[in-house]
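# Summary of structural features
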Amino acid sequence: MGQCIYLTDLDDTLFRSFNKHPQGESLTRVTTATNGHHGHMNPAQRGLLAALRATGAVIPVTARSTDAFSRVHLDFGTRRAILANGAVILNDEGIADPDWLAHTAQIGRSAESLLLEMSALIGVELGAAARSWIVEEYGAPVYFCVKMNASGAEEVQSGICAAAELLASRFDLSGLQQHVNGNNLSFTPIGISKRQACRHLIDHIKGSSGAPLIGIGDSLTDLPFMGLCDFIMTPSRSQIADLMARMSDGSLAP
């Protein structure tokens, strides 16, 4: 039996931005962010990555674009990765799978006009209250993201809700997968996903080795790819952990 294969999300799983860590923690900066909100690891996160590295292959599965992933300063022990919500699969040499790129580019381009209209509407209706952009990979659009410019949690939440309602009222979003987590509202064309990319990757690397697959993530949108694995892990105080807690105490029906 081979060592484990870890498919792991990055942001808010292996590291998080400085202001999301409790004050007083010993932190190590591990990313460079263009907006200054660099990613940091606490001792537990550093220990987790070391343990994963020692017991198997660690493969990042992230919404980060190729550019944003290049600014993660961690050694995962492999150059394999799934990027941009599944739009890009890097092989063991760190090279994007050309067949997969062609597949996701076709899906992204079919949604391009809709994503452009959505971005324009956010700019007109919300102005300086929000920022939005279309993530592109190798010249093709792959998903659309909206964030609020407010700093207060309640103001961010109300702004994200308003943006989601605005977009739903103006466009047919049935061809997009919507995701909300904190100050992040995103729309990804159906057919591009972490789960589908992970299934493609697993088919190529697992074979008959018997290596246990372990999925690690914090967000509800990570659950589909984690569900492909033999076991799952999630940080405490994550979106997944919060859902489980609400189900266990009866405040949310299963």
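The preceding data block contains the structure.
In this report, we go over the structure that sits alongside the text. (Residues numbered from 1 in each chain as written. Predicted model: local features only at pLDDT ≥ 70, side-chain atom pairs only at ≥ 80, totals over all residues. Heavy atoms only, no water.)

### With respect to helix α5 (residues 153-170)
As a reminder, the rule being used: Secondary structure follows DSSP: runs of H or I at least 4 residues long count as helices, runs of E at least 2 residues long count as strands, and numbering of each begins at the N terminus. One less than the residue count of a helix, multiplied by 1.5 Å, gives the span that helix is expected to have. Throughout, a contact is declared for two residues whenever any of their heavy atoms are within 4.5 Å.
Here α5 spans 26 Å end to end across 18 residues, near enough to the 26 Å set by a 1.5 Å rise per residue. Looking at the packing, one finds that the buried side of α5 touches α4 (112-126), β9 (140-148), β10 (176-180) and β11 (185-189).

### Quick notes on the packing of aromatic side chains
Working definition: an aromatic ring pair is given by the centre-to-centre distance plus the angle between the planes. Convention followed: Aromatic pairs are defined between Phe, Tyr and Trp rings, using the six-membered ring for Trp, whenever the two ring centres lie within 6.5 Å; interplanar angles under 30 degrees are classed as stacked, those over 60 as edge-to-face, and all others as tilted. Buried, partly exposed and exposed residues are distinguished by accessible area as a fraction of the type maximum, computed with a 1.4 Å probe on protein chains only: under 20%, between the cut-offs, and over 50%, respectively.
The final tally for this structure, using the stated rule, is two aromatic pairs. Between Phe 69 and Phe 76, the aromatic rings sit 6.3 Å apart at their centres with planes inclined by 15°, giving stacked as the arrangement. The two residues Phe 69 and Phe 76 agree in class, both being buried.

### Here we look at the nonpolar core
Under the convention used in this document: By nonpolar core is meant a set of buried Ala, Val, Leu, Ile, Met, Phe, Trp, Tyr and Cys residues that side-chain atoms within 4.5 Å join together.
In terms of nonpolar packing, the biggest core is built from 30 residues, with Phe 15, Phe 69, Leu 74 and Phe 76 touching the most fellow members. Listing elements by their share of this core, those giving two or more residues are β1 (4-8), α1 (43-55), β6 (81-83), β7 (88-90), α3 (98-110), β9 and β12 (213-216). Apart from residues no more than four positions distant in its own chain, Phe 15 is found in contact with Leu 10, Val 30, Thr 31, Gly 39, His 40, Met 41, Gln 45, Arg 64, Val 72 and Leu 74. In terms of nonpolar packing, the next biggest core, distinct from the first, is built from 21 residues, Leu 114, Phe 144, Leu 166 and Leu 176 among them.

### Some details on the side chain of Ser 238
Looking at where Ser 238 falls in the secondary structure, it is placed in the loop between β13 (231-233) and α8 (239-248). You can call Ser 238 buried: its relative accessible area is 7%.

### Observations regarding α3
Our working rule: This arc corresponds to the set of directions leading from the helix axis out to the C-beta atoms.
Between its first and last C-alpha, α3 extends 18 Å over 13 residues, near the 18 Å set by a 1.5 Å rise per residue. Where α3 is concerned, the buried positions are Trp 100, Leu 101, Thr 104, Ala 105, Ile 107 and Gly 108. Viewed along the axis of α3, the buried residues span an arc of 165°, placing them on a single side of the element. Away from its buried face, by an angle of more than 90 degrees, α3 presents the exposed residues Pro 98, Asp 99, Gln 106 and Ser 110.

### Observations concerning a nonpolar patch on the surface
The criterion, for reference: Patches here: salt-bridge-free residues with over 30% relative accessible area, like charges joined within 9 Å, nonpolar side chains (Val, Leu, Ile, Met, Phe, Trp, Tyr) joined within 5 Å. Here, Shrake-Rupley sampling with a 1.4 Å probe gives the accessible areas, and only protein chains in the shown set may cover a residue. One speaks of a salt bridge when a side-chain nitrogen belonging to Lys or Arg is within 4 Å of a carboxyl oxygen belonging to Asp or Glu.
Taken together, the side chains of Leu 220, Leu 223 and Ile 232 make up a nonpolar region of the molecular surface, amounting to roughly 230 Å² of accessible area. Summarising the element assignment, Ile 232 is placed in strand β13.

### Quick look at the pairing of β9
Inclusion rule: A pair of strands counts as paired when DSSP detects no fewer than two bridges linking them.
Within β9, eight of the nine residues are buried, leaving the element largely enclosed by the surrounding structure. Of the strand pairs in this sheet, strand β8 (residues 130-137) and β9 are connected by eight bridges, and their pairing is antiparallel. Residue Trp 133 lies in a different strand from β9, and its bridge partner there is Cys 145. Between β8 and β9, which pair antiparallel in sequence order, lie two residues; one of them, Tyr 138, sits at a positive phi of approximately 55°.

### What about the sheet that holds strand β2 (residues 16-17)?
The strand order across the open sheet formed by three strands is β2-β4-β3, and the pairing between neighbours is antiparallel. Single-partner strands in this sheet number two, and they are β2 and β3 (28-29). As paired elements, β2 and strand β4 (residues 39-41) share two bridges and run antiparallel to each other. Looking across to β4, one finds that Ser 17 is bridged to Gly 39.

### Description of the pairing of β10
As defined by bridge partners, β10 adjoins β11 across five bridges and the pair is classed as antiparallel. Each bridged residue has a counterpart across the sheet, and for Gln 177 the counterpart in β11 is Thr 188. Counting the residues in the hairpin turn of β10 and β11 gives four residues, including Gly 182, whose phi is positive at 60°.

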